[in-house]
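# Reading the structure
So the chains spell out like this:
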Amino acid sequence: MKMINYVFEPTIVPSLPVDKSHERFPVSRVFCLGRNYHWGDAPNTKREVPVFFMKPATSVIDAAGELAFPPLTEEFCHEIELVVAIGKGGFDISEEHALEHVWGYAAGMDLTRRDMQMAAKAAGHPWEPAKAFDGSAPITPIVPASRSGHPTQGAVWLHVNGAERQRSDLESQIWSVAEVISQLSRSVTLRAGDLIMTGTPPGVGALQPGDAISGGIVGIGQFEVVVGNRRNS
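To keep things clear, this report deals only with the structure shown in the data block. Just so we're clear, the structure is a prediction, and the values are computed from it rather than from any experiment. (Residues numbered from 1 in each chain as written. Predicted model: local features only at pLDDT ≥ 70, side-chain atom pairs only at ≥ 80, totals over all residues. Heavy atoms only, no water.)

## Concerning the packing of aromatic side chains
According to the stated counting rule, one finds four aromatic pairs in the structure shown. A ring pair is formed by Phe25 and Trp103, whose centres lie 5.7 Å apart and whose planes are at 45 degrees; its orientation type is tilted. Linking Phe25 in strand β2 (residues 24-26) with Trp103 in strand β9 (residues 102-109), this pair joins segments that are 78 residues apart in sequence. When its relative accessible area of 31% is taken as the criterion, Trp103 is described as partly exposed. The ring of Phe133 has Lys55 lying over it, and the distance from NZ or CZ to the ring centre is 5.9 Å. One residue, Lys121, lies across the ring of Trp127, its end atom 5.4 Å from the ring centre. (Phe/Tyr/Trp six-rings, centres within 6.5 Å; stacked < 30°, edge-to-face > 60°. Helix = DSSP H or I, 4+ residues; strand = E, 2+ residues; numbered from the N terminus. Buried < 20%, exposed > 50% of the residue type's maximum accessible area, 1.4 Å probe, protein only. Lys NZ or Arg CZ within 6 Å of the ring centre and 35° of its normal.)

## Points about the side chain of Arg114
Inspection of the secondary structure puts Arg114 in helix α2 (residues 114-123). Given the relative accessible area of 13%, Arg114 is considered buried. A polar side-chain atom of Arg114 sits 2.5 Å from a polar atom in the side chain of Glu79. (Polar contact = N/O pair within 3.5 Å; in protein donor to acceptor, adjacent residues only side chain to side chain.)

## Description of the sheet that holds strand β7 (residues 76-77)
What the three strands build is an open sheet, ordered β10-β7-β16; its pairing is antiparallel. Since the sheet does not close on itself, it has two edges, and those belong to β10 (112-113) and β16 (206-207), each with one partner. Relative to β16, β7 runs antiparallel, the two being bridged by two bridges. Across the sheet, residue Phe76 finds its bridge partner in β16, namely Leu207. (Pairing = 2+ DSSP bridges.)

## A closer look at the nonpolar core
In terms of nonpolar packing, the biggest core is built from 40 residues, with Val84, Tyr105, Met109, Ile181, Ile213 and Phe223 touching the most fellow members. In this structure, Ile181 is in contact with Val84, Ile86, Ile93, Ala98, Val102, Leu190 and Ile196, ignoring residues within four places of it in sequence. (Core = buried A, V, L, I, M, F, W, Y, C linked by side-chain atoms within 4.5 Å. Contact = heavy atoms within 4.5 Å.)

## Section: the pairing of strand β14 (residues 163-169)
Pairing of strand β13 (residues 155-160) with β14 involves six bridges; the strand directions are antiparallel. Its bridge partner being in β14, Val160 is matched across the sheet by Ala163. Count of turn residues in the β13/β14 antiparallel hairpin: two residues, of which Asn161 carries a positive phi of about 55 degrees.

Here you go:
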């Protein structure tokens, strides 16, 4: 095998722990789905084409310990989500075979600098900086699908300082995991190691330094973290 001479030593591949194992899951890319839950009492029957955005793999951290409060924001928000870990790549995957590409599942947060996002939207600018900062994707250990199955229902919740902020059920998702994988794979070739964050239910809110956050998804994972001090204070 021919050796590759890099101009400097490549950085370590980001990874997540595997539940009840000493192994870790190497992260390739992180795809995030926009609004994917029915809001309000009446189900929203209108299904528009899913909107995806990305976070760098380096935004992924273990959902444990302290979360750094990011700079350049006064509205640092939480979004609890089901995370799908892809174990087999593919392009233009059919819904029928989509779940064959899933290695496992986790619970995670799509942390957001909401004020930056709103300002960018109002100006017609990209809002990647609002989503793609360091540590913006804390995720629990991945549970292999061979153990969890492919959940289509189960409570999704998040509390801040003991008060409930978000609560829904996976059955309230507008797009199923199979549909999400199929739709995304029509645009890009999925790779083993890709993560897909599948959207958040209502109740998104701002966080402050010192806030204690707990959340999870039944049968998938739970976490407890604390928000640290502002980095620019």
